[in-house]
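Single-letter residue listing:
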Amino acid sequence: MPDTIAAAPAVTPADAATVVARLVGDRAGDWDRAGRLPAEVVRELNAAGLLAPQIPTGYGGPGWSSLDSGEFTARVGSLCSSLRSVMTSQGMAAWAVERLADRAQARSLLPRLAATDTAAVAFTEPQAGSDLSAMTTTVTVTGDTLRLDGHKVWVTAADHADLLLTFARLGDQAAVVVVPRATPGVRVRRRAEPLGCRAAGHADVWFDAVRLPTSSLLGAGGQSMSLLVTTALSYGRISVAWGCVGILRACLTAAVEHAGSRHQFGRPLAHHQLVARHLADLWSAEQVATRVCEHASRCWDTGSPDMVTATVLAKYVSARHAARAAADAVQVLASAGAVDGHRVARAYRDAKLMEIIEGSTEMCQLMLADHVVNRR
């Protein structure tokens, strides 16, 4: 157990839902079109401990279970996937610190991530996406100083971040370097008009002879790349999966409201069988995604050996269902939903991105297939 650190004021999941509803309201469409989240919204959520609510109370966080955190993530995802993406980034960073940092690093970093500093996690490079073994960003150590050189792309929340947790090669092994954004040699350039989650602060980041103390290496570095990636991506995948549940709920609500209130040929759209089919598929998809995410979160909360596989399954199922269901919702709303900024139009773009990030659909299929073959 960590030494006791003053915890943030207790916030319950019910309180959190009220806070995020007030902060987001009906502004997510405007944020999406502008391509930016208001800094004050991110700061207020962080000050309440809600960007990474699984940070333990001993480090100043709320200490929520994965199940409570997941339901809250779904709530945020139903309102604004860009804001949910920033939460995912913060949670990944906190989870990596909690699992990889030494005691002093954890005591320094986790209270900051629980209340004041925002963080982004930098994996992807121009030639290293799913195949992170192709990573070329390097860290070299001389005495008590390290040097970081490289180029990362599509770093979620980097445009909002105070800290950049950067994955790099350290000789024949790998390391995570905690880089303050203001460090000389760091350059961040926002990605303009991404397909989805447009306000999430996606950016490319360059590290040009960045020099930091060796204490910036989580756990002194020298770990295997597979360990580092699995540690961070597991949190990212379950967070994205719960975010997809939120997308599904938003699409279902919008489709039911429209189909129940709009009349065609003398009766509500919902009473036309081919429209009713879409509503049934939407509800079924939401139910399936919710159950598979609940299972994955229970595996996290109980320390089940099935946690990694359950997380991959949750991400795979939820993202695929969200992408299909968002298309169904646009079909039901037709021209009413085919407007930039409308929640189902936004969901259509956001959901497709969920099939790519934190392990593409194809990579999830390969991992699940390996699991099936190897357990026989």
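Please refer to the structure placed before this passage.
Remember, predicted model here, so these are calculated numbers, not experimental data.

(A) Focus on the overall build of the chain. Helix and strand content of the chain: 11 helices and nine strands. The C-alpha atoms of the chain give 21 Å as radius of gyration, which agrees with the globular expectation for 376 residues (21 Å, within 12%). Scored against the burial criterion, the 376 residues of the chain give a buried share of 56%. In the chain, 75% of the contacts between residues at least 6 apart in sequence involve partners at least 24 apart. If you sum the accessible surface of the chain, you get close to 16,000 Å²; carbon and sulfur atoms cover 54% of it. Here the chain holds 37 positive side-chain charges and 35 negative ones, and the gap between their average locations is 4 Å.

(B) Seen up close, the packing of aromatic side chains. Summed over all chains, the structure comprises five aromatic pairs. Ring centres of Phe123 and Phe167 lie 4.3 Å apart, and the angle between their planes is 40 degrees; this geometry places the pair in the tilted category. Of this pair, Phe123 sits in the loop between strand S1 (119–122) and strand S2 (138–142) while Phe167 sits in strand S4 (residues 163–170), and the two are 44 residues apart along the sequence. Centre to centre, the rings of Tyr235 and Trp300 are 6.2 Å apart; their planes meet at 80 degrees, and the pair counts as edge-to-face. Here the residue Tyr235 occupies a position in helix H7 (residues 225–261), and Trp300 occupies one in helix H8 (residues 273–302), the gap between them amounting to 65 residues. With respect to burial, Tyr235 and Trp300 carry one shared label: buried.

(C) View of the pairing of S2. Alignment of S2 against strand S3 (residues 145–155), held across five bridges, turns out to be antiparallel. Note on S3: the bridge partner recorded for Val139 is Leu148.

(D) View of the packing of helix H4 (residues 66–79) against H7. One way to put it is that H4 packs onto H7 with a least axis distance of 7 Å and a crossing angle of 50 degrees. It follows that H4 is oblique to H7 by the angle criterion. Crossing geometry of H4 relative to H7 is assigned as right-handed. Here Ser66, Leu67, Ser69, Gly70, Glu71, Thr73, Ala74, Gly77 and Ser78 of H4 come into contact with H7, specifically with Tyr235, Ile238, Ser239, Trp242, Gly243, Val245, Gly246, Ile247, Arg249 and Ala250. A breakdown of the residues in the contact of H4 with H7 according to their chemical character gives eight nonpolar, nine polar and two charged.

(E) Highlighting H8. Taking 1.5 Å of rise per residue, 30 residues should cover 44 Å, and H8 covers 43 Å from first to last C-alpha, within 8% of that figure. Gly303 lies just past H8 and shows a positive phi near 70 degrees.

(F) Structural view of the environment of Ser216. Mapping Ser216 onto the fold places it in the loop between strand S7 (203–213) and H7. For the pair Ser216 and Ser297, spaced 81 residues apart in sequence, the C-alpha separation works out to 31 Å. Sequence-distant contacts of Ser216, defined by excluding residues within four places in its chain, comprise Leu146, Val176, Val177 and Val178.

(G) Region of interest: the pattern of salt bridges. Evaluated as defined, the whole model comprises 18 salt bridges. A salt bridge links Asp159 to Arg36; the shortest N-O distance between them is 2.8 Å. Of this pair, Asp159 sits in the loop between S3 and S4 while Arg36 sits in the loop between helix H2 (28–34) and helix H3 (39–47); the two residues are 123 residues apart in sequence, bridging distant segments of the chain. Among the residues examined, Asp159 registers a relative accessible area of 18% and is labelled buried. Residue Arg99 pairs with Glu98 through a salt bridge whose shortest N-O separation is 3.3 Å. Judged by its relative accessible area of 44%, Arg99 falls in the partly exposed class. You can call Glu98 partly exposed: its relative accessible area is 27%. A network of salt bridges, in which partner residues are shared, links Asp32, Arg198, Asp340 and Arg349.

(H) Main features of the state of the cysteines. In the structure shown here, the tally under the stated rule is zero disulfides. Not part of a disulfide, Cys80 finds its nearest cysteine sulfur in Cys197, a span of 8.0 Å. Looking at the unpaired Cys364, the closest cysteine sulfur is the one in Cys244, lying at 11 Å. Its relative accessible area of 0% is what places Cys364 among the buried residues.

(I) Spotlight on helix H5 (residues 81–100). A rise of 1.5 Å per residue sets the reference length of H5, with its 20 residues, at 28 Å; its end C-alpha atoms lie 28 Å apart and thus fit the reference within 8%. Of all 20 residues that make up H5, 18 are buried, and the element is covered over most of its length.

(J) Region of interest: the packing of helix H9 (residues 307–333) against helix H10 (residues 343–354). Put simply, H9 and H10 touch, their axes get as near as 8 Å, and they point 155 degrees apart. By the angle class used here, H9 and H10 are roughly antiparallel. In terms of crossing hand, the pair formed by H9 and H10 is left-handed. Only Val344, Ala345, Ala347, Tyr348, Ala351 and Met354 of H10 make contact with H9, whose side of the interface consists of Lys315, Ala319, Ala322, Ala323, Ala326, Ala327, Ala329, Val330 and Leu333. Considered class by class, the residues forming the contact of H9 with H10 number 14 nonpolar, no polar and one charged.

Rules used throughout
- Residues numbered from 1 in each chain as written.
- Predicted model: local features only at pLDDT ≥ 70, side-chain atom pairs only at ≥ 80, totals over all residues.
- Heavy atoms only, no water.
- Helix = DSSP H or I, 4+ residues; strand = E, 2+ residues; numbered from the N terminus.
- Rg over C-alpha atoms; globule rule 2.2 N^0.38 Å.
- Buried < 20%, exposed > 50% of the residue type's maximum accessible area, 1.4 Å probe, protein only.
- Contact = heavy atoms within 4.5 Å.
- Areas by Shrake-Rupley, 256 points an atom, 1.4 Å probe, with all protein chains shown as cover.
- Lys, Arg positive; Asp, Glu negative; His and termini not counted.
- Charge placed at Lys NZ, Arg CZ, Asp CG, Glu CD.
- Phe/Tyr/Trp six-rings, centres within 6.5 Å; stacked < 30°, edge-to-face > 60°.
- Pairing = 2+ DSSP bridges.
- Axes fitted to C-alpha atoms, helices over the stretch in contact; angles between N-to-C directions.
- Parallel < 35°, antiparallel > 145°, perpendicular 65-115°, else oblique.
- Left-handed = near helix turned anticlockwise from the far one by under 90°.
- Nonpolar A, V, L, I, M, F, W, Y, C, P; charged D, E, K, R; others polar.
- Expected span 1.5 Å × (residues − 1).
- Salt bridge = Lys/Arg side-chain N within 4 Å of Asp/Glu carboxyl O.
- Disulfide = S-S within 2.5 Å.

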